[in-house]
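Summary of structural features
Now for the letters of each chain:
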Amino acid sequence: MNLHVENISVELEKKTILRDVSLKVRSGEFVGLIGPNGSGKSTLLKSIYRALKPRCGFISLDGADVYELSARQSAQRMAVVRQESSIEFDFTVMEIVMMGRSPHKKLFQSDTAADSRIGEEALERVGMQEYASRSFFSLSGGEKKRVLIARALAQQAEFLVLDEPTNHLDVRYQLQVMNLVKTLGITVFSSLHDLNMAAMYCDRLYVLSGGELVASGTPEEVLEPGVIRDVFGVETEVVTHPGTGKKHVYFFSEAVSSQRQKVKA
Ligand SMILES: Nc1ncnc2c1ncn2[C@@H]1O[C@H](COP(=O)(O)OP(=O)(O)OP(=O)(O)O)[C@@H](O)[C@H]1O
């Protein structure tokens, strides 16, 4: 599934939130979206998953305008894990996961044995099978996140949109979720705060700053101290890990940063 975003701009309450944003995610790629708080990452993702219509521009999945698709057609193509869960009523974990099957069924059609198997497998893939009958509201933030990822997996869409998927997760589950997403073999577009996770797992990155795309490329091309300084306003040292060949970003406390700058001067 190929995503094309062409020249979209978004205005909210008379303020420009996204300005002339264009990007591509090619079939099978895992592409990350990074940028500071308030730079417009969630707004861009919302425009893609049709929660917020841009003022102008065009967004397509395999050539089809996402705003021309029915809700069902859209859900068959695209699964979304939002930053905040939108679950308002208490369901069991398995009920939540099985909601992912609804785009594949007719109205009021009950779950088949195959649907249940897909739901169980999705729960297993995020390590939550023991929680199937637990109330969703009783879960911790990280457990909820894993269940919502399982629901997206049960949806079996070919394009996955993730808004900070590792938010709330401890380091083991951050790695588990990123490994899982990487091995799905589907097209993924994900906002990420952790630059080292982005370096480890993403094929390409887009960088948003103040509502505009300011850099793009492989993590090796994008994760440079100059780019990170300009966009995030922090000093870093970026090294290539000798074993993996991946970039690793080291951050410094303000005191160490100013000491380093004095030494350079
Ligand atoms: N409904 C709204 N009305 C007005 N401004 C909004 C609205 N929704 C978001 N914004 C503003 O748009 C800007 C971009 O917000 P957005 O949530 O897209 O940023 P983000 O990059 O995802 O941030 P974070 O990393 O903090 O999640 C922010 O300044 C935010 O205050």
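What you see is a predicted model; the values in this text were computed from it and never measured. (Residues numbered from 1 in each chain as written. Predicted model: local features only at pLDDT ≥ 70, side-chain atom pairs only at ≥ 80, totals over all residues. Heavy atoms only, no water.)

**So, the site of the ligand**
As a reminder of what qualifies: Near residues are defined by distance, with any heavy atom within 4 Å of the molecule or strand qualifying the residue. Under this definition, polar contacts are N or O atom pairs within 3.5 Å; protein pairs additionally need one hydrogen-donor-capable and one acceptor-capable atom, and for neighbouring residues in sequence, both atoms have to be side-chain atoms. By the criteria applied, helices consist of DSSP H or I runs no shorter than four residues and strands consist of E runs no shorter than two, each listed in order from the N terminus. Ten residue types, Ala, Val, Leu, Ile, Met, Phe, Trp, Tyr, Cys and Pro, are classed as nonpolar, four, Asp, Glu, Lys and Arg, as charged, and the remainder, Gly among them, as polar.
The environment of the ligand is formed by 15 residues, the closest being Asn37, Gly38, Lys41, Ser42 and Thr43. Between glycine 38 and the ligand, the recorded distance is 2.8 Å, taken from a backbone N or O atom to an oxygen atom. The backbone of serine 39 places a nitrogen or oxygen atom 3.2 Å from an oxygen atom of the ligand. Every element with two or more residues in the shell around the ligand is listed here: β2 (15-25) and α1 (41-48). Take the shell around the ligand: its biggest share by element is 3 residues, from α1. Partitioned by chemical class, the residues of the shell around the ligand number 3 nonpolar, 8 polar and 4 charged.

**Some words on the UniProt feature "domain: ABC transporter" (unreviewed entry) in the chain**
Heads up, the condition is: UniProt positions are given in the numbering used here, feature names are shortened, and annotations may be inferred rather than shown by experiment.
UniProt's feature table lists "domain: ABC transporter" (unreviewed entry) at residues 3-235, given in the numbering used throughout. Annotation note: span residues 3-235, helix share 35%, strand share 26%, distance between end C-alpha atoms 33 Å.

**Quick word on the side chain of arginine 204**
Filter applied, for reference: In this analysis, two residues are considered to be in contact whenever any of their non-hydrogen atoms come within 4.5 Å of each other.
For arginine 204, the position within the fold is in strand β9 (residues 204-209). Within the structure, the side chain of arginine 204 is placed 2.7 Å from the side chain of glutamate 29, a separation counted as a polar contact. Within the structure, arginine 204 has its side chain in polar contact with the side chain of tyrosine 206 (distance 3.2 Å). In this structure arginine 204 touches Lys24, Val25, Arg26, Glu29, Phe30, Val31, Gly32, Gly217, Thr218 and Pro219, once residues within four positions along its chain are discounted.

**Some thoughts on the environment of valine 126**
Heads up, the rule is: Relative accessibility decides the category of a residue: with a 1.4 Å probe and only protein chains considered, values under 20% of the type maximum give buried, values over 50% give exposed, and everything between is partly exposed.
Along the polypeptide, valine 126 turns up in the loop between α4 (113-125) and α5 (141-154). Residue classification places valine 126 among the buried residues on the basis of a relative accessible area of 1%. Sequence-wise, valine 126 and leucine 180 are 54 residues apart; in three dimensions their C-alpha atoms are separated by 8.1 Å. Once residues lying within four places of it in the same chain are set aside, the contact partners of valine 126 are Arg146, Ile149, Ala150, Leu153, Tyr173, Gln176 and Leu180.

**Section: the side chain of threonine 187**
Summarising the element assignment, threonine 187 is placed in strand β8 (residues 187-191). Within polar-contact distance, the side chain of threonine 187 engages the backbone oxygen of methionine 1 at 3.0 Å. Those residues in contact with threonine 187, other than ones at most four positions away along the chain, are Met1, Val25, Arg26, Ser27, Gly28, Glu29, Glu158, Phe159 and Leu160.

**What about the packing of α5 against helix α6 (residues 171-183)?**
Our working rule: Axis definition: a line fit to C-alpha positions, over the contact stretch in the case of helices; interaxial angles, taken between N-to-C directions, run 0 to 180 degrees. Angles below 35 degrees are treated as roughly parallel, those above 145 as roughly antiparallel, those between 65 and 115 as roughly perpendicular, and all remaining angles as oblique.
It is the contact of α5 with α6, at a shortest axis distance of 12 Å, that shows an interaxial angle of 10 degrees. Between α5 and α6, the crossing angle belongs to the class labelled roughly parallel. Every residue of α6 that contacts α5 at Arg146, Ile149 and Leu153 is listed here: Tyr173, Gln176, Val177 and Leu180. Taken together, the residues of the contact of α5 with α6 break down into 5 nonpolar, 1 polar and 1 charged.

**Focus on the sheet that holds β8**
Within a sheet, adjacent strands bond to each other through the backbone by hydrogen bonds, running parallel or antiparallel. For the record, the criterion: Strand pairing is defined by DSSP finding a minimum of two bridges between the two strands.
Taken together, the 6 strands give an open sheet; going across it, the order is β6-β7-β8-β3-β9-β10, and neighbouring strands pair in mixed fashion. Looking at the sheet topology across the chains shown, the edges are occupied by β6 (78-81) and β10 (212-217). Mean inter-strand twist for the sheet, computed between neighbouring axes without regard to direction, equals 15 degrees. Along the sheet, α1 makes contact with β3 (30-34), β6, β7 (159-163), β8 and β9, crossing β7 at roughly 150 degrees.

**Digging into the pattern of salt bridges**
Pairs can form between side chains of opposite charge once their charged atoms are near each other. Under the convention used in this document: The rule for a salt bridge is simple: a side-chain nitrogen of Lys or Arg has to be within 4 Å of a carboxyl oxygen of Asp or Glu.
According to the stated counting rule, one finds 8 salt bridges in the structure shown. Of the charged contacts in the structure, one is a salt bridge between glutamate 11 and arginine 55, with a shortest N-O distance of 3.1 Å. Of this pair, glutamate 11 sits in strand β1 (residues 3-12) while arginine 55 sits in the loop between α1 and β4 (56-61), placing them 44 residues apart in sequence. Judged by its relative accessible area of 52%, arginine 55 falls in the exposed class. Linking glutamate 212 and arginine 19 is a salt bridge whose minimum nitrogen-to-oxygen distance equals 3.3 Å. Residue glutamate 212 is located in strand β10, and its partner arginine 19 is located in strand β2; the two are separated by 193 residues in the primary sequence.

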